[in-house]
Each structure stands twice: as structure tokens, then as C-alpha cells.
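# Chain and residue survey
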Amino acid sequence: MIELKETDNILVKKKAILANVLACPICQGDLDEKQDHYSCRKCQKSHSIRDGIPRFLTMTSKNEEQVKNSFNLQHFRYLDSRYLHFTPELVDQWLNDVQLPKDYFKGKLVLDAGCGTGRWTYAMALLGATVVAIDFTDAGVSVTQKGTGHLENVAVLQASIFDLPFRPDTFDFVLSWGVLHHTPNTKVAFDRLVPLVKKGGQLYVMVYERHNPLKFLFTDLLRRILRSVSEEQRYRLCTRFIIKSPRLYRWLSKGMICACYPENADPLQISTIQLGLYDAYSPGFNHLHTRKEVEGWFQEHRFGDMFLTKPIRHKRKRDIFFLGECGGSVNMRGVRA
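First, a word on what this report is: a plain description of the structure on this page. (Residues numbered from 1 in each chain as written. Predicted model: local features only at pLDDT ≥ 70, side-chain atom pairs only at ≥ 80, totals over all residues. Heavy atoms only, no water.)

### Description of the overall build of the chain
Within the chain, the regular secondary structure consists of twelve helices and 13 strands. Relative to a compact globule of 337 residues, whose C-alpha radius of gyration would be 20 Å, the chain shows 20 Å and is just as compact. For the C-alpha atoms alone, the extent of the chain along its principal axes is close to 60 × 45 × 40 Å. Relative to its 337 residues, the chain shows a buried fraction of 52%. The contacts of the chain with a sequence gap of at least 6 include a subset with a gap of at least 24, amounting to 69%. Of the roughly 16,700 Å² that the chain leaves accessible, carbon and sulfur atoms contribute 53%. Across the chain, the centroid of the 47 positively charged side chains sits 6 Å from that of the 36 negatively charged ones. (Helix = DSSP H or I, 4+ residues; strand = E, 2+ residues; numbered from the N terminus. Rg over C-alpha atoms; globule rule 2.2 N^0.38 Å. Buried < 20%, exposed > 50% of the residue type's maximum accessible area, 1.4 Å probe, protein only. Contact = heavy atoms within 4.5 Å. Areas by Shrake-Rupley, 256 points an atom, 1.4 Å probe, with all protein chains shown as cover. Lys, Arg positive; Asp, Glu negative; His and termini not counted. Charge placed at Lys NZ, Arg CZ, Asp CG, Glu CD.)

Here it is, written out as C-alpha cells:
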């Protein structure tokens, strides 16, 4: 009976988080919470609550559905990756990635826009933030809900970045890590996040960096071939891109995304690499962007104190062409003026 009461108290607190931030994703009207859905007072649109998770998904295109299905498999296989296990070590990994002090997140209201399996949601919650986690996929919200269900400072819901169910100027910190480049338009997705950040709050994004166009031309060709088979088949085929010969790997890696088979690797290490390759080859959208391009997005919206959490590594034109300025990803945060 005591455990049941504690669970009820946690659910009440999770609902309270959403009560202060939600708005209709279609018209921005106020929402009334019912037993199994939210109802918009303005447009009368109903949004279901299924398995304890509010579902705010609107119409999606065929290509968006492909991305959704590919990530569903990936998120359901999160235990196949060493990096996705929910452990306290995620806190240190997150702080190293975002380059903010440990006490920054305490008391902050945070949006994790594209939470995936919820590893950064979990880390920020342990740091004392109140986190609203959204994902496009059924698997993402299911796994995140499972991993954070015992935390009263986390609320999970399903929604698209292009139709977010939140009031403007709501969050102290908005994060979208490794997500925007898998949408139909990275810049438009970025623009949708900006209004949700409070004045003086921060926006942090990680997107793939543009480099080695010849390699990505061949990689895109492989992606098209692999997307002609089912997600399970594609996942299994990705083991073929874990190359045991170091010499062959060095040669192949110049023209395609692959991985070198580690010495004395355990099964979890191999499945971690396999899942990473599936992530590279599966989604239909894989946009690449330069540091200056991302910087321009922040400047357009008058963000200040822009900071690269992974600094520029390469300055020679040849190295930038093949490796990118920052080594493959642009990790940038800024403060909204």
C-alpha cells in the first residue's frame, strides 16, 4: 500500500510538470487534461494518453515515418549499447559533453527535444533539473519512461519537433542532441526550438558536421541500398561493416562509414559498434552542416555567449575538407538575449 501511494505521488508530480508547460501543438490553445486524453479548448483537437504517455504527434510524411521506424528499432535495442545504459556515470559524460558546471542544472526547467533512450534526460534529472523529455518514436518514449519512471522530476511525452506542445518562453535550458539533422530540414527544426527558451536561458544542439563529401556520397548510396530491406535485416547487415583487418579498414574508411574490429572485444562492445553503424546507415535524413552555418542560426535569433563544447580541432583546409573543423560534429550552445 505504501509503495502504491508513493507511485501515485510521483505520477501527480509528473502531471504537475506538464500542467505548467503544455499548449496545443496545432493552435497553441489551452489544454484540459481528461482521464485518457488532453483536449484543446480552442480547436477542440484531442491528444491521447497511452501507457501513461501523452501523445501529441500530428500528421507525418512517408519519409518521416521511415526515420521513425528506423529509430524505433534502435531505441528498443538500447541495452545493446554500452553508452545507453542508465548509470550514474552518465552524469559525468553529460557534463563533459555540455561543458557546464555540475550545479548549473539544479532547479532548472529543461526540455530534452529528441530524448532517444533518455540518457541525457536521466543525467540532468540526477543533477537536480526538472526535465520534460520528448521523442518522435514509440520506442524512445517507452524506454525513457521505463528508465525514469521512478523520478518525480521527469515527464515524458511523444511529439514532433515541428509541432511542439509547449508555451513560448518556458524552459531555462533546451537540448537537442544528435536529432535535428535527422529531420526534413535542420534549420527549420532549430527555429522551432528557439521560442521555447526563456530570455537568458540556453539552447544546446549537436549536429553532424560537413566533411569529406566523397565519403558521404558513397555512404548515401549504401544507405539507399540498405533502406530497401527491413530494419532488422539492416541491423544485422551492419555487422559486415565491422572490419577485422586493420589494413582493409584504413582503406575502406576513406570512402565509407565503417568500424575497426577491436582486439579482445566483448559481445557488448561489438553490439555497441553495430548499433552505431545502424544509426549512421538507417535514417532517411542525414544532413551535414558547418560550424559557421550553425553559428549563423544562433546569431539570426540573437543568441549571445555562443560556445563550442567540442572546440575547433583542424585549421588546415585539407584537414577541414576530410575531417571537419570540429572533427565530425558541431556541438554549440548559446544564451538567448
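Having seen the structure, we can now continue with the description.
### Side note on the sheet that holds strand S6 (residues 130–135)
Within the open sheet, the seven strands sit side by side as S7-S6-S5-S8-S9-S13-S12. Their pairing is mixed. Pairing within the sheet leaves two strands with one partner each, and these edge strands are strand S7 (154–158) and strand S12 (303–308). Strand-to-strand twist of the sheet, defined as the mean angle between neighbouring strand axes without regard to direction, takes the value 15°. Sheet analysis places S6 next to S7, joined by five bridges and oriented parallel. Residue pairing across strands places isoleucine 134 opposite leucine 157, the latter belonging to S7. (Pairing = 2+ DSSP bridges. Axes fitted to C-alpha atoms, helices over the stretch in contact; angles between N-to-C directions.)

### Topic: the packing of helix H6 (residues 186–193) against helix H11 (residues 291–300)
At a closest axis distance of 11 Å, the pairing of H6 and H11 adopts a crossing angle of 35°. Crossing of H6 against H11: the hand is right-handed. Residues Thr186, Lys187 and Phe190 of H6 lie in contact with H11, whose contacting residues are Trp297, Phe298 and Glu300. When grouped by side-chain class, the residues that make up the contact of H6 with H11 number three nonpolar, one polar and two charged. (Left-handed = near helix turned anticlockwise from the far one by under 90°. Nonpolar A, V, L, I, M, F, W, Y, C, P; charged D, E, K, R; others polar.)

### Regarding helix H4 (residues 119–126)
Among the eight residues in H4, seven count as buried, and that is most of the element. Taken together, the buried positions of H4 are occupied by Arg119, Trp120, Thr121, Tyr122, Ala123, Met124 and Ala125. Here the buried face of H4 lies against helix H3 (89–98), strand S5 (109–113), S6, helix H5 (138–148), S7 and strand S8 (171–177). Just downstream of H4, glycine 128 is the residue with a positive phi angle, here 100°.

### Section: the sheet that holds strand S1 (residues 31–33)
The four strands are arranged S1-S2-S3-S4 in an open sheet whose pairing can be described as antiparallel. With one partner strand each, in any of the chains shown, S1 and strand S4 (53–54) form the two edges of the open sheet. The pairing of strand S3 (residues 46–50) with S4 spans two bridges and is antiparallel. Bridge pairing links arginine 50 to isoleucine 53 in S4.

### Here's the deal with the nonpolar core
By size, the foremost hydrophobic cluster in this structure holds 43 residues, and its most contacted members are Leu22, Leu111, Leu157, Phe166, Phe171 and Leu203. Among the elements that take part in this core, strand S9 (residues 197–208) stands out by supplying four residues, more than any other. Every residue in contact with leucine 203, bar those within four places of it in the chain, is listed here: Val174, Phe190, Leu193, Val194, Val197, Phe298, Phe303, Met332, Arg333 and Gly334. Leu90, Phe105, Tyr122 and Leu127 belong to the second-largest nonpolar core, a separate cluster that totals 27 residues. (Core = buried A, V, L, I, M, F, W, Y, C linked by side-chain atoms within 4.5 Å.)

### Section: the packing of aromatic side chains
One pass over the structure, following the stated rule, counts 17 aromatic pairs. Aromatic side chains tyrosine 38 and phenylalanine 56 sit 5.8 Å apart centroid to centroid with 35° between the ring planes, which places their arrangement in the tilted category. Of the two residues, tyrosine 38 sits in strand S2 (residues 37–40) while phenylalanine 56 sits in the loop between S4 and helix H2 (62–76), which places them 18 residues apart along the sequence. With respect to class, tyrosine 38 is no different from phenylalanine 56; both count as buried. Ring centres of tryptophan 120 and tryptophan 177 lie 5.9 Å apart, and the angle between their planes is 80°; this geometry places the pair in the edge-to-face category. With a gap of 57 residues between them, tryptophan 120 in helix H4 and tryptophan 177 in strand S8 connect regions that are remote in the sequence. We classify tryptophan 177 as partly exposed; its relative accessible area is 22%. Among the aromatic residues, ring-to-ring pairing joins Trp94, Tyr104, Phe105, Trp120, Phe173, Trp177 and Tyr204 into one connected group. Over the aromatic face of tyrosine 104 sits the side chain of lysine 108, whose NZ or CZ is 4.3 Å from the ring centroid. (Phe/Tyr/Trp six-rings, centres within 6.5 Å; stacked < 30°, edge-to-face > 60°. Lys NZ or Arg CZ within 6 Å of the ring centre and 35° of its normal.)

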